[in-house]
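Coordinate analysis (summary)
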Amino acid sequence: MGPALLLAPALVFLAVAYLLPLIDLARISAAGAPWWAHFERVFSVPLYWESLLRTMGVALTVAALCAAFGYPTALLIHRTRGVTRVMIATAIILPYFIAVLIRTYAWMVLLGRNGPINKSAIWLGFYEQPMALLFNRGAVLLGMTAVLLPLMVLSIYSSLSRLDQSLVRAALASGAGPLAVFWRVLLPLTAPGVGAGFLLVFVSALGFFITPTLLGGPADQMFAMHITQQAESITGEGFLQALAVVLLVITLVVVGVAGKLMGFEFIWGGGRLAEVAPAPARARARTQSGVAAAGADLLGWPALRVLGRLPGGWGAWTVRLMAGFVIGVLILPILVVIVISFSSASYLTFPPPGWSLRWYEKFFSDPDWMAAFRNSLVIAAMSACIAVALGASAAVGIVRGELRYKSALMLLLVSPMIVPPVVLGLSLYGLFLKLGLVGTHVGLAAAHAIGGVPIVVVIVAAALQGVDRRLEQSAAVHGAAPFTVFRTVTLPAIAPGLAAAVFFAFLHSFDELVLSLFLSSPRLRTLPLRLWADVNYQLNPVLAVVSALEVAMVIVGVALARPIFGRSRAAH
Amino acid sequence: MNEVSAAPAARGDVDAPSPGGAREAIGSAIAMRGVVKAYGAFRAADSIDLDVEPGEFITLLGPSGSGKTTLLNLLAGFQALDGGEIRIDGKPIHNVPTHRRGFGMVFQSYALFPNMTVAQNVAFPMRMAGLDRAATDRRVAETLDMMRLGEHALKTPSQMSGGQQQRVAIARAIVMRPKVVLMDEPLSALDRRLRESIQIELRDLHRAIGSTFIFVTHDQSEALTMSDRIAVMDNGRIVQIGSPEEIYRHPRSRFVASFVGESNLIEARVLERRGERMRLRGRAGHVFEAESAAGGAADDVTVLVRPERIALCAADAPDALSATVVSALFMGETLRIVARTDSGETLQLRRPDAAGRALPTEGERVHVRWGSHDCWVLA
């Protein structure tokens with residue numbers, strides 16, 4: 001039983017802070033007369049029903065775009081080596097650590113009337129007046145795709161890297177041109193990775209509201225926005241809760257179906273726990289039926305051969321161009337924002353008319369900003385402590401414990417990752433009111449930790465599974481007690497993973513906006529909250545300063561962690 | 001519609017009568033001149049010249065890092081030449097991408113497509129070449145029978161053992177009857193028994209289909225079993241090339257002598273030369289005769305004597321050498337004896353087990369000798 005007990009703290013925490021409020025949410029939503037009254041309103045009032053359909057459509061489009069652009073990018077990372085590969089991978093992954101709010105803000109700058117895109121288009125003579133690139137569906141799709149791309153790239157890349165490298169060579173040697181290799185070998189065998197990425201992006205996009213709010217127009221209202229907008233005038237009658245429950249149920253259904261089809265491991269992108277090594281590919285060989293075979297002969301194979309006659313470089317250049325475009329899309333907004341932070345103008349224009357540090361001075365001398373900054377640091381530190389304490393012990397418990405239903409427990413521990421934050425925020429508000437936790441550091445830290453625990457569990461579990469059990473066994477054989485083994489063998493081996501978990505849990509809390517919107521008070525504002533208020537009302541370059549500082553913080557953190565990551569990666 | 005004409009020119013004719021008996025030399029001749037592959041200052045392939053006869057089974061043998069896999073990769077087109085040229089049947093191939101070279105290739109990790117059945121795996125090259133289904137199915141069935149895989153056609157690779165998977169990989173490589181078959185240490189992942197039986201199968205397969213086989217391995221016994229010729233490689237160069245007998249019996253350097261088979265390398269001084277025969281004195285003072293094609297004038301030479309060529313003899317034999325037994329092991333079909341001479345040289349002996357043949361004890365004093373045909377003076 002030993003290690004399994006370590007799961008208790010995390011499970012208790014999640015039960016009280018996460019499951020109970022959600023159950024309460026469902027209860028309130030069904031408190032109408034009759035119980036389905038609120039739900040009926042959701043599905044019959046066009047405003048909500050249409051926005052639900054619109055949200056699903058947007059989420060599907062974003063997922064498809066991410067898949068289409070993410071695959072060449074993952075391929076490019078896979079095919080490059082050495083410094084180039086590190087640089088490209090960093091360019092893709094680094095933006096993902098930066099808060100959604102900041103990245104969306106960067107797109108507002110980029111697409112603004114005085115932003116670089118309009119400015120260069122006019123300069124190049126494409127048109128004479130700045131175009132309204134913002135506040136439409138295109139901007140929303142672009143912004144959301146840009147934010148979620150790294151998720152897809154990572155998912156596809158991990159699938160690509162698990163592929164037996166000699167398969168591509170075998171296909172080449174068997175006469176398959178590069179395109180045939182992609183279509184007949186790479187794509188079928190990485191389909192699980194693409195599928196997992198698609199689902200993760202889709203599920204995340206369903207609950208998005210930051211990006212659509214900032215980049216979209218009135219016709220781009222997404223479902224989650226109803227919950228946040230109406231939360232200002234929160235009523236206990238249950239309609240808001242019904243909206244949240246509908247969103248939650250849809251998310252759970254999608255995840256459930258996906259989990260049945262491809263195994264729930266896709267959520268945390270990992271392999272099975274303490275079981276036989278995963279089968280190399282879930283795609284089972286199918287012998288083609290007569291019709292399918294005839295179709296393939298008539299259309300597929302000739303098409304493949306015609307395309308195969310394209311000069312060999314085309315495929316490689318398509319990959320490079322698309323991946324390059326993706327890298328530009330991910331990096332450009334951040335660079336623009338950093339440049340703007342040094343602008344001497346008091347409105348957002350690019351290129352800046354002059355250089356100045358006035359906005360940095362303004363930020364550091366403004367008591368409100370500094371208070372928000374301090375609050376965020378304190379809360380993030382507390383949240384990281386909570387998340388790591390609970391999550392790391394849970395990870396040890398689940399990986400090393402002798403338990404049944406490990407997959408179900410892991411699913412529970414990781415489930416906060418897929419629940420839309422707006423749903424969580426609404427569900428917690430009632431509980432926080434009762435406990436008097438609204439607007440307190442501890443309250444916010446605990447709320448953020450709900451999302452931090454899954455991150456820590458996934459990272460530490462992966463680190464633990466990478467530890468060679470035989471090292472521990474040989475220590476035990478030579479006389480070390482279990483705790484000593486843990487202290488002297490296991491702990492040093494997972495130290496890089498632990499450090500990473502601390503970093504990510506901290507970052508998660510520092511960047512957190514949605515829960516804070518529900519659970520903070522005018523007296524306690526975090527940095528993201530202050531940013532959110534200003535983005536909606538003021539939009540001055542101080543926001544760029546905050547963004548630049550966050551980017552610097554992330555870069556420093558990753559740079560410090562790189563040697564540790566490098567070592568642990570080499571160990572694989 | 002018959003799309004045979006769409007097939008790359010280098011592949012064997014699909015409709016040729018399936019060979020079951022005499023060898024038709026459909027293999028290609030391969031000529032390499034000054035082939036270089038460099039990584040900065042390090043040369044993985046250092047100006048290699050090699051001529052491979054059509055239909056030959058040639059093995060590239062060497063330790064890791066010797067450049068044998070590099071050479072194979074250059075041949076296959078996975079890496080680009082940094083210098084020199086490679087010609088197949090007289091035509092240069094450095095501009096031809098891998099998938100158009102028309103070779104067959106077998107990999108150490110089998111590299112079977114996990115999402116396809118055995119039949120689909122083997123049919124893959126034919127589908128890539130655009131051949132019609134009927135011809136493909138026929139040829140695939142034939143090839144599977146050749147490799148004794150007929151009943152496994154609908155299984156997936158994960159349902160088969162290592163040896164069976166390797167056979168599938170070989171079937172896929174030869175299904176188009178290519179003129180050149182490349183093999184990159186294909187048997188290294190198999191256990192010894194399986195390796196030995198597939199070695200013989202490969203030898204027979206080569207005789208049956210007549211393609212040129214280029215085989216890469218670090219296992220010298222594999223090389224000796226299957227090859228028409230062996231090219232021994234070291235540090236990016238071919239240090240000796242010849243038939244298995246030549247390589248084994250008449251190595252030209254210490255490296256080849258000790259890499260291929262076990263060896264006793266004995267320092268000796270030349271007493272007398274008479275044409276092809278030499279009279280030598282070893283360090284322990286014993287005098288023996290040797291044959292050598294080396295015409296060198298050196299007085300101090302190294303003589304190779306293989307362990308199986310040293311015999312135990314009586315003390316009064318003319319060229320007997322006395323030694324003390326250090327260890328004697330019974331290894332089943334052979335007795336392995338290590339003995340140290342009075343001058344401190346260590347000799348390895350291998351003697352087949354026979355009735356009445358006792359294992360010497362440690363510390364026992366023995367006498368050994370070898371005939372002039374049993375030793376070889378290294379150049």
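Residues numbered from 1 in each chain as written. Chains lettered and ligands numbered in written order. Predicted model: local features only at pLDDT ≥ 70, side-chain atom pairs only at ≥ 80, totals over all residues.

1. Here we look at the overall build of chain A
When helices and strands are tallied, chain A shows 24 helices and zero strands. In chain A, buried positions account for 45% of the 572 residues. If you take every contact in chain A between residues at least 6 apart in sequence, the share linking residues at least 24 apart comes to 82%. (Helix = DSSP H or I, 4+ residues; strand = E, 2+ residues; numbered from the N terminus. Buried ≥ 20, exposed ≤ 12 C-beta atoms within 10 Å, placed from the backbone. Contact = placed C-beta atoms within 7 Å.)

2. Topic: the overall build of chain B
In terms of helices and strands, chain B carries eight helices and 20 strands. Judged by the C-alpha coordinates and their principal axes, chain B covers about 80 × 45 × 40 Å. A separation threshold of at least 6 residues defines the contact pool for chain B, and within that pool the share at least 24 residues apart is 68%.

3. Comments concerning the sheet that holds strand 10 (residues 237-242) of chain B
Strand pairing within a sheet occurs via backbone hydrogen bonds; the two strands may be parallel or antiparallel. Residues and elements named next belong to chain B. Pairing within the open sheet is mixed, and its six strands lie in the order 6-7-8-3-9-10. Edge strands, defined here as strands with exactly one partner in the open sheet, are strand 6 (104-106) and strand 10. Taking each pair of neighbouring strands and ignoring which way they run, the sheet shows an average axis angle of 15 degrees. Alignment of strand 3 (residues 57-61) against strand 9 (residues 229-234), held across four bridges, turns out to be parallel. When the sheet's bridge partners are listed, Ile58 is paired in strand 9 with Arg229. (Pairing = 2+ DSSP bridges. Axes fitted to C-alpha atoms, helices over the stretch in contact; angles between N-to-C directions.)

4. As for the environment of A:Phe518
By the element assignment, A:Phe518 lies in helix 22 (residues 514-519). Linking A:Phe518 and A:Val422, residues 96 residues apart in sequence, is a C-alpha distance of 8.5 Å.

5. Considering unusual backbone geometry
With the exception of glycine, most residues fall at negative phi, and the peptide bonds are largely trans. Despite not being glycine, A:Tyr405 shows a phi value in the positive range, around 60 degrees. Relative to the assigned elements, A:Tyr405 resides in the loop between helix 16 (367-400) and helix 17 (406-414). With a phi angle near 45 degrees, B:Arg177 is a residue other than glycine that sits in the positive phi range. Along the chain, B:Arg177 turns up in the loop between helix 4 (162-174) and strand 7 (180-184). For B:Arg177, a count of 21 C-beta atoms within 10 Å corresponds to the buried category.

6. Points about the packing of helix 1 (residues 7-29) of chain A against helix 12 (residues 239-262) of chain A
Residues and elements named next belong to chain A. Helix 12 packs onto helix 1 with a crossing angle of 120 degrees between their chain directions and a minimal axis gap of 8 Å. Considering the angle they form, helix 1 stands oblique to helix 12. Considering how the two elements wind past one another, helix 1 and helix 12 form a crossing that is left-handed. Contacts between helix 1 and helix 12 involve Leu25, Ala26, Ile28 and Ser29 on the former and, on the latter, Gln241, Ala242, Ala244 and Val245. Residues that form the contact of helix 1 with helix 12 fall into these classes: six nonpolar, two polar and no charged. (Parallel < 35°, antiparallel > 145°, perpendicular 65-115°, else oblique. Left-handed = near helix turned anticlockwise from the far one by under 90°. Nonpolar A, V, L, I, M, F, W, Y, C, P; charged D, E, K, R; others polar.)

7. Some points on the pairing of strand 12 (residues 277-282) of chain B
Along any regular strand the residues' side chains alternate between the sheet's two faces. Residue and element names in this part refer to chain B. The pairing of strand 11 (residues 264-274) with strand 12 spans six bridges and is classified as antiparallel. Bridging across to strand 12, Ala268 finds its partner in Gly282. In this structure, the hairpin formed by strand 11 and strand 12 is closed by a connection of two residues, where Gly275 is found at a positive phi of approximately 65 degrees. As judged from the five bridges shared by strand 12 and strand 13 (residues 287-291), these two strands associate in the antiparallel manner. Opposite Met278, over in strand 13, you have Ala290 as the bridge partner.

8. With respect to the environment of A:Val502
All names here are of chain A. On the secondary structure map, Val502 appears in helix 21 (residues 482-511). On the basis of neighbour counts, which here come to 20 C-beta atoms within 10 Å, the residue Val502 falls in the buried class. Along the chain, Val502 and Val388 lie 114 residues apart, while their C-alpha atoms are 6.3 Å from each other. When neighbours within four sequence positions are excluded, Val502 is seen to be in contact with Ala384 and Val388.

9. Some thoughts on the sheet that holds strand 2 (residues 42-52) of chain B
Strand order in the open sheet formed by four strands is 2-1-4-5 (chain B), and the pairing between neighbours is antiparallel. If you trace the sheet from one side to the other, it starts and ends with strand 2 and strand 5 (91-92) of chain B, each paired once.

10. Looking at the packing of helix 16 of chain A against helix 21 of chain A
Residue and element names in this part refer to chain A. Axis separation between helix 16 and helix 21 bottoms out at 8 Å; the angle between their running directions is 135 degrees. Relative to helix 21, helix 16 is oriented oblique. Our pair here, helix 16 against helix 21, has a crossing hand that is right-handed. Of helix 21, the residues touching helix 16 (which contributes Ser376, Ile379, Ala380, Ala381, Ser383, Ala384, Ala387, Val388, Gly391 and Ala392) are Leu498, Ala501, Val502, Ala505, Phe506, Ser509 and Phe510. Across the contact of helix 16 with helix 21, the residue classes tally to 13 nonpolar, four polar and no charged.

11. Topic: the nonpolar core
Counting residues in each nonpolar core, the largest one holds 167 residues, and the members touching the most others are A:Ala205, A:Ala244, A:Val456, A:Val460 and A:Ala501. Here the element with the most residues in this core is helix 19 (residues 441-465) of chain A; it accounts for 17 residues. Look past the residues within four positions of A:Ala501 in its chain and what remains in contact with it is A:Val388, A:Gly391, A:Ala392, A:Ile455, A:Val456, A:Ile459 and A:Val460. In this structure, A:Ala170, B:Val181, B:Ile238 and B:Ala339 belong to the second largest nonpolar core, which totals 109 residues. (Core = buried A, V, L, I, M, F, W, Y, C linked by C-beta atoms within 7 Å.)

12. Concerning the environment of A:Ala462
Residue and element names in this part refer to chain A. As for its placement among the helices and strands, Ala462 is situated in helix 19. Among the residues examined, Ala462 registers 20 C-beta atoms within 10 Å and is labelled buried. In sequence terms Ala462 and Val399 are 63 residues apart; their C-alpha atoms lie 9.1 Å from each other.

13. Quick word on the confidence of the model for chain A
Detailed conclusions should not be drawn from predicted coordinates in areas where pLDDT is low. Residues and elements named next belong to chain A. Looking at chain A as a whole, its pLDDT mean stands at 84, while 89% of the residues score no less than 70. Mean pLDDT in chain A bottoms out at helix 13 (residues 290-308), which sits at 65, and peaks at helix 3 (residues 46-79), which reaches 93. Counted against residues more than four places away or in other chains, residues 272-288, with its pLDDT under 50, gives 30 contacts. This model gives residues 567-572 a pLDDT under 50, and the stretch forms five contacts once residues within four places in sequence are excluded. (pLDDT = per-residue confidence, 0-100.)

14. What to know about the pairing of strand 9 of chain B
All names here are of chain B. Bridging between strand 9 and strand 10 involves five bridges; their strand directions are antiparallel. Bridge assignment links Ala231 to a residue of strand 10, and that residue is Ile241. In this structure, the hairpin formed by strand 9 and strand 10 is closed by a connection of two residues, where Asn235 is found at a positive phi of approximately 55 degrees.

15. Some remarks on helix 2 (residues 118-128) of chain B
With 11 of 11 residues buried, helix 2 of chain B is to be regarded as a mostly interior element. Buried within helix 2 of chain B are the following residues: B:Val118, B:Ala119, B:Gln120, B:Asn121, B:Val122, B:Ala123, B:Phe124, B:Pro125, B:Met126, B:Arg127 and B:Met128.

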